[in-house]
Every structure is written in C-alpha cells, then in structure tokens.
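# Geometric and topological summary
The lines below spell out each chain.
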Amino acid sequence: MTRTGLPDGWTLQRIRDVSGDREAVVLDTERVVTYLGQPYAPDEVLQPEIVLGFHGLCVVKAVDDDDWYMGSLNSDGTVDCWDAYDDLWNALRGL
C-alpha cells in the first residue's frame, strides 16, 4: 500500500477510470465492515485496510487478506459486504 492509502500502482484517477465512477473516494477505515456469511457460513467482521466509496457501494481491502470485498455503505457508516474478488480491477469492474 502506498502512503496515499491506495494499493501500489493505483491512483484515485485510475480507480475512477476503471470503475466508471468519477466521484469515487477513499473513505476512512475507522468503521465496522462485515462480510455477510453465505447460507451456511457465519458473518465475519473484517479489519479494513482500504475502503473505497462509490456512492452507496464500497470496495474494501481487509488487513492480511488478498481479497477485495464489495458491499453497501450503510447510513451509520458501517459496511455490509456480500461478495469477494481476487483483485481490485475485477472488484471495480463488478460495481
């Protein structure tokens, strides 16, 4: 991760270009992020390292985890994730 809070090789402009969202922002990581368990798996609280905001959606990189999680940004600032991608590019294209 670079000092900007973005992964190496990524800029906010590149994230905006790949996602198609010209208003994408880097959000504070001080929030509760939960990966909602599938039908037979428990929910998992993630420790966010990077949180990217796309209006009502978020893409989250958790500490010590190579996956990128997609979810909804709730009105209280928490994030409920429902899907995971193996890299940032695929997560951004999945928005």
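In this report, the structure presented in the accompanying data block is examined. (Residues numbered from 1 in each chain as written. Predicted model: local features only at pLDDT ≥ 70, side-chain atom pairs only at ≥ 80, totals over all residues. Heavy atoms only, no water.)

## Description of the nonpolar core
Here is a general trend for soluble globular proteins: nonpolar side chains tend to be buried in one another's company. Core analysis: the biggest nonpolar cluster contains 15 residues, and Ile-15, Leu-52, Phe-54, Trp-68, Leu-88 and Leu-92 have the highest contact counts within it. Those elements giving two or more residues to this core turn out to be α1 (12-19), β4 (48-54), β6 (68-73) and α2 (88-93). Each residue touching Leu-52, except ones within four places of it in the same chain, is listed here: Leu-6, Ile-15, Val-25, Val-26, Leu-27, Leu-57, Cys-58, Val-59, Trp-68 and Leu-88. Counting residues in hydrophobic clusters, the runner-up holds 10 residues, among them Leu-46, Val-51, Val-79 and Cys-81. (Core = buried A, V, L, I, M, F, W, Y, C linked by side-chain atoms within 4.5 Å. Buried < 20%, exposed > 50% of the residue type's maximum accessible area, 1.4 Å probe, protein only. Helix = DSSP H or I, 4+ residues; strand = E, 2+ residues; numbered from the N terminus. Contact = heavy atoms within 4.5 Å.)

## Concerning the pattern of salt bridges
One pass over the structure, following the stated rule, counts 1 salt bridge. Residue Lys-61 pairs with Glu-49 through a salt bridge whose shortest N-O separation is 3.4 Å. Taken together, the positions of Lys-61 in strand β5 (residues 57-62) and Glu-49 in strand β4 put the pair 12 residues apart, joining distant regions of the chain. On the basis of relative accessibility, which here comes to 26%, the residue Glu-49 falls in the partly exposed class. (Salt bridge = Lys/Arg side-chain N within 4 Å of Asp/Glu carboxyl O.)

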